[in-house]
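# Per-entry structural report
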Amino acid sequence: MELSVRERDRMAVLRQVDEGMLAAGTGAARWGVTRRHFRRLMRRFEAEGDGAAVHRLRGRRSNRALAPEVRERVLALVADPLQAGFGPTLLAEHARRRLGVRVSAETVRGWLVAAGVWKRRRKRAKHRSRRPRRAALGELVQWDSSIHPWLEARGPADLVLVSMHDDATSRMQFGRFVKRDTGAENRRAIIACLKRHGRPLAVYADHAGHFGQRRKDGKRTKSVIARGLEALGVELILAGSPQAKGRIERTYGTAQDRLVKEMRVAGVATIEEANRFLEEHWIPFWNEHFAVAPADPLDAHRPLPPDADLEALFADTAARVVGRDFTVRWKNAFWQIGQEEAVAAGVRPGSRIVVERRLSGELRLRHGGRYLAARALGAARPAPPAPAPAPPRPRPKPSKPGPNHPWHRHIREEVERAVARRERRLAATGASSRVAR
């Protein structure tokens with residue numbers, strides 16, 4: 001029997017432990033097994049010799065292998081014209097349905113390949129081509145976030161850098177450190193960027209939840225950000241892979257090296273200092289050293305509409321129905337609409353009201369295009385009291401093994417075997433010294 005490299009190494013460990021060159025615990029660690037199992041292997045080594053390093057199932061059929069009759073019954077389905085062209089997955093399902101045999105698709109695939117009726121299909125790598133830059137500044141803005149220990153050990157463990165880079169020039173349009181990559185923080189970022197530069201033609205982002213959730217039918221829901229950008233006439237493009245927005249991904253690789261070290265030299269230790277350093281030093285440095293000239297010198301940014309309310313466009317909204325008492329319920333609280341306000345806005349019981357929860361925390365009620373004046377009435381019902389914390393459960397005291405416990409018996413046997421091995425070595429050493437004389 002030819003031994004593998006691993007079995008030869010294991011056999012050498014057994015010999016070293018038997019000769020006293022290694023401790024049993026060290027041998028178990030080198031084998032990657034427990035000490036108890038290693039003691040069993042040592043007993044096999046003393047009885048069988050080097051064969052203890054070979055697994056006992058070597059060259060034998062697996063104990064979990066299916067019977068040959070099952071394989072023949074499943075392969076017989078292939079000859080049936082009804083199953084012509086069936087793949088391994090579908091064939092495994094029909095075997096379970098028609099024959100009552102539970103077998104995995106991978107097992108069926110192996111049987112079909114061995115029988116020569118199926119060939120493995122290799123997936124070829126998808127061809128990708130580099131997307132050319134947009135021609136002008138403001139045609140496309142790439143938007144992404146990066147979670148990284150930006151402040152190392154001086155501040156929070158992980159901060160998120162939300163940044164926006166122009167595709168045509170690689171200019172950093174906006175950047176801000178936040179504690180979490182939430183939808184609210186991203187809405188604040190796009191509002192600040194729109195106020196600073198105006199409206200780009202399109203925004204390129206990933207499939208994060210704050211850009212829309214995928215439904216069961218394959219379509220995506222319209223998030224607050226998607227709805228706000230659509231109202232401003234900005235196209236939202238979602239990248240199919242990280243490689244698709246590789247330019248902004250590569251900028252994060254540079255920032256995670258340079259920006260981290262620059263903030264270390266500057267002694268930045270808080271998120272406020274990090275955002276100040278970003279605005280005053282890093283963004284100007286980036287745009288001076290890494291930005292490129294666009295192919296078209298025309299700036300494609302468009303000004304914001306004069307009546308655009310960004311806080312309203314990027315606010316959380318929900319529809320509510322006006323009650324018979326002209327109240328609107330929101331988050332376990334009631335809001336009362338006055339009589340004059342209801343008459344002026346044409347609000348009646350059953351009318352649908354849009355509730356806006358703005359980023360500033362302000363709550364506004366809107367009916368049609370008119371905001372309503374309403375007053376809060378307080379909670380609908382008191383919140384239940386918090387349950388009292390349960391007392392800590394006492395930890396059970398571990399039981400102490402008795403003198404006749406199997407653990408102690410194994411230890412005594414191990415000591416006796418070690419003494420016997422030592423006596424054999426001493427006897428062999430004395431015999432060899434007498435022969436030398």
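Everything that follows concerns the structure shown earlier in this document.
Let me sum up the structure you'll find in this document.

Thresholds applied
- Residues numbered from 1 in each chain as written.
- Predicted model: local features only at pLDDT ≥ 70, side-chain atom pairs only at ≥ 80, totals over all residues.
- Heavy atoms only, no water.
- Salt bridge = Lys/Arg side-chain N within 4 Å of Asp/Glu carboxyl O.
- Buried < 20%, exposed > 50% of the residue type's maximum accessible area, 1.4 Å probe, protein only.
- Helix = DSSP H or I, 4+ residues; strand = E, 2+ residues; numbered from the N terminus.
- Pairing = 2+ DSSP bridges.
- Axes fitted to C-alpha atoms, helices over the stretch in contact; angles between N-to-C directions.
- Contact = heavy atoms within 4.5 Å.
- Phe/Tyr/Trp six-rings, centres within 6.5 Å; stacked < 30°, edge-to-face > 60°.
- Core = buried A, V, L, I, M, F, W, Y, C linked by side-chain atoms within 4.5 Å.

Bringing the pattern of salt bridges into the picture now. With the rule as written, the count across this model stands at 20 salt bridges. Salt-bridge contacts for E72 lead to R71; the nearest nitrogen and oxygen are separated by 3.4 Å. Residue E72 is classed as partly exposed on the basis of its relative accessible area, which comes to 47%. Between R366 and E356 there is a salt bridge; the shortest N-O distance is 2.9 Å. Of this pair, R366 sits in strand β10 (residues 363-367) while E356 sits in strand β9 (residues 352-357), placing them 10 residues apart in sequence.

Let us now look at the sheet that holds strand β6 (residues 316-321). Read across the open sheet, the 4 strands follow the order β6-β9-β10-β11; overall the sheet is antiparallel. Sheet topology places β6 and β11 (370-372) at the edges, where each strand pairs with a single neighbour. Direction aside, neighbouring strands of the sheet carry axes that sit 35° apart on average. Bridge analysis of β6 against β9 gives 6 bridges, and the strand direction is antiparallel. By the bridge assignment for β9, D316 is matched with R357.

As for its placement among the helices and strands, H165 is situated in strand β2 (residues 159-166). The class of H165 is buried, set by a relative accessible area of 6%.

So, about the sheet that holds strand β4 (residues 202-205). One open sheet accounts for 5 strands, arranged β3-β2-β1-β4-β5; its pairing is mixed. Since the sheet does not close on itself, it has two edges, and those belong to β3 (172-178) and β5 (235-238), each with one partner. For this sheet, the mean inter-axis angle between neighbouring strands, taken without regard to orientation, is 20°. Examined bridge by bridge, β2 and β3 share 6 bridges and lie antiparallel to one another. When the sheet's bridge partners are listed, V160 is paired in β3 with V178. Helix-sheet contacts for helix α10 (residues 271-289) involve β2 and β3, and the interaxial angle to β3 is about 160°.

A word on the pairing of β9. Two elements, β9 and β10, share 4 bridges in a ladder whose sense is antiparallel. By the bridge assignment, R357 is partnered in β10 with L363. Connecting β9 to the next strand, β10, in antiparallel fashion are 5 residues, including G361 with a positive phi near 95°.

Turning to helix α8 (residues 224-231), its buried residues number three or more, namely V224, I225, A226, G228 and L229. Check the buried side of α8 and you find it contacts β1 (141-148), α7 (183-197), β4, β5, α11 (310-313) and β6.

This part covers the packing of aromatic side chains. Counted under the stated rule, the structure contains 7 aromatic pairs. Ring centres of W31 and F38 lie 6.2 Å apart, and the angle between their planes is 75°; this geometry places the pair in the edge-to-face category. Using a relative accessible area of 7% as the deciding quantity, one classes W31 as buried. We classify F38 as buried; its relative accessible area is 1%. Residues W282 and W286 carry aromatic rings whose centres are separated by 6.0 Å and whose planes lie at 45° to one another, so their mutual orientation is tilted. Residue W282 and its partner W286 are both found in helix α10; the two are separated by 4 residues, about one turn of the helix. Given the relative accessible area of 3%, W282 is considered buried. Three or more aromatic residues link up through ring pairs in this structure, and these residues are W282, F285, W286 and F290.

What follows is about unusual backbone geometry. A negative phi holds for most residues other than glycine; trans holds for most peptide bonds. Even without a glycine there, the phi angle at S170 is positive, about 65°. Its location among the elements puts S170 in the loop between β2 and β3. A relative accessible area of 13% places S170 in the buried class. Of note in the backbone geometry, F326 takes a positive phi value of approximately 60° without being a glycine. The residue F326 is located in the loop between β6 and β7 (327-330) in this model.

This next bit is on the pairing of β7. Two strands pair when backbone bridges link them, and β7 and strand β8 (residues 333-337) are joined in this way by 4 bridges, in the antiparallel orientation. Within β8, the position partnered with T327 by the bridge is Q336. Adjacent in sequence and paired antiparallel, β7 and β8 are bridged by 2 residues, among which K331 carries a positive phi angle near 55°.

Below, the discussion takes up the nonpolar core. Residues W143, M164, I190, L229 and F314 are the most contacted members of the largest nonpolar core, which totals 24 residues. In terms of nonpolar packing, the next biggest core, distinct from the first, is built from 20 residues, W150, L151, V260 and A274 among them.

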